[in-house]
Amino acid sequence: QVQLVESGGGLVQAGGSLRLSCAASERTFSSYAVAWFRQAPGKAREFVTATSWSGNSAYYADSVKGRFTFSRDNANNTVYLQMNSLKPEDTAVYYCAARRYYSVKYNLDREYNYWGQGTQVTVSS
């Protein structure tokens, strides 16, 4: 059972930056497909970013493209979400998710077996 623990959320003004971290308990985490989702109050959970099939790049939702960057530190079993130029509409609980193998349906939350507890990101205007 893979355990995921997110951290790094908080309150930031519009235009600011935050970096979220997701640490995994699995020592082979580098071979897992990983994604970030978010859920704003009263809204469905939505896709933010996910590793590509090669693991060397990432896919992004249009709403965050150019502002958010996914990265991973395989030596420490950790992935990151660097969020720049934050907007009030980015306010949500952010979740890290993982699955053992890459899925072409990488943007669907039902494809992922393991989830973190979430970390709150609040962007004030």
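So, a few notes on the structure that sits alongside this text. (Residues numbered from 1 in each chain as written. Predicted model: local features only at pLDDT ≥ 70, side-chain atom pairs only at ≥ 80, totals over all residues. Heavy atoms only, no water.)

1. Some points on the packing of aromatic side chains
With the rule as written, the count across this model stands at nine aromatic pairs. Note on Tyr59 and Tyr106: the rings are 4.1 Å apart at their centroids and 10 degrees apart in plane angle, and the pair reads as stacked. Residue Tyr59 is located in strand β6 (residues 58–60), and its partner Tyr106 is located in the loop between β9 (92–99) and β10 (114–115); the two are separated by 47 residues in the primary sequence. On the basis of relative accessible area, Tyr59 is assigned to the partly exposed category, the value being 26%. Classification of Tyr106 as partly exposed rests on a relative accessible area of 21%. Between Tyr95 and Trp115, the ring centres sit 6.4 Å apart and the planes meet at 75 degrees, which makes this aromatic pair edge-to-face. Residue Tyr95 is found in strand β9, and its partner Trp115 is found in strand β10; the two are separated by 20 residues along the sequence. By relative accessible area, which is 16% here, Tyr95 ends up buried. (Phe/Tyr/Trp six-rings, centres within 6.5 Å; stacked < 30°, edge-to-face > 60°. Helix = DSSP H or I, 4+ residues; strand = E, 2+ residues; numbered from the N terminus. Buried < 20%, exposed > 50% of the residue type's maximum accessible area, 1.4 Å probe, protein only.)

2. Looking at the sheet that holds strand β3 (residues 18–24)
Across the sheet, which stays open at both edges, the four strands sit in the order β1-β3-β8-β7 with antiparallel pairing between neighbours. Looking at which strands have only one partner, the edges of the open sheet turn out to be β1 (4–7) and β7 (68–73). The sheet shows a mean angle of 15 degrees between the axes of neighbouring strands, taken without regard to direction. In this structure, β1 lies alongside β3, joined through four bridges in antiparallel fashion. For Leu4, the partnering residue across the bridge sits in β3 and is Ala24. (Pairing = 2+ DSSP bridges. Axes fitted to C-alpha atoms, helices over the stretch in contact; angles between N-to-C directions.)

3. Some details on the pattern of salt bridges
Counting across every chain of the model gives six salt bridges. Across the pair Arg38 and Glu46 runs a salt bridge, and its minimum N-O distance is 2.5 Å. Relative accessible area serves as the criterion here: at 4%, Arg38 is assigned to the buried category. Glu46 sits in the partly exposed class, given a relative accessible area of 36%. With its nearest N and O atoms 3.5 Å apart, the salt bridge here joins Glu111 to Arg99. (Salt bridge = Lys/Arg side-chain N within 4 Å of Asp/Glu carboxyl O.)

4. Quick word on the nonpolar core
The nonpolar side chains of a soluble globular protein tend to be buried, and buried together. If you look at the biggest cluster of nonpolar residues, it comprises 33 residues, and the most contacted ones within it are Leu4, Trp36, Met83 and Tyr94. Broken down by secondary-structure element, the contributors of at least two residues to this core are β3, β4 (33–39), β5 (46–51), β7, β8 (78–83), β9 and β11 (119–124). (Core = buried A, V, L, I, M, F, W, Y, C linked by side-chain atoms within 4.5 Å.)

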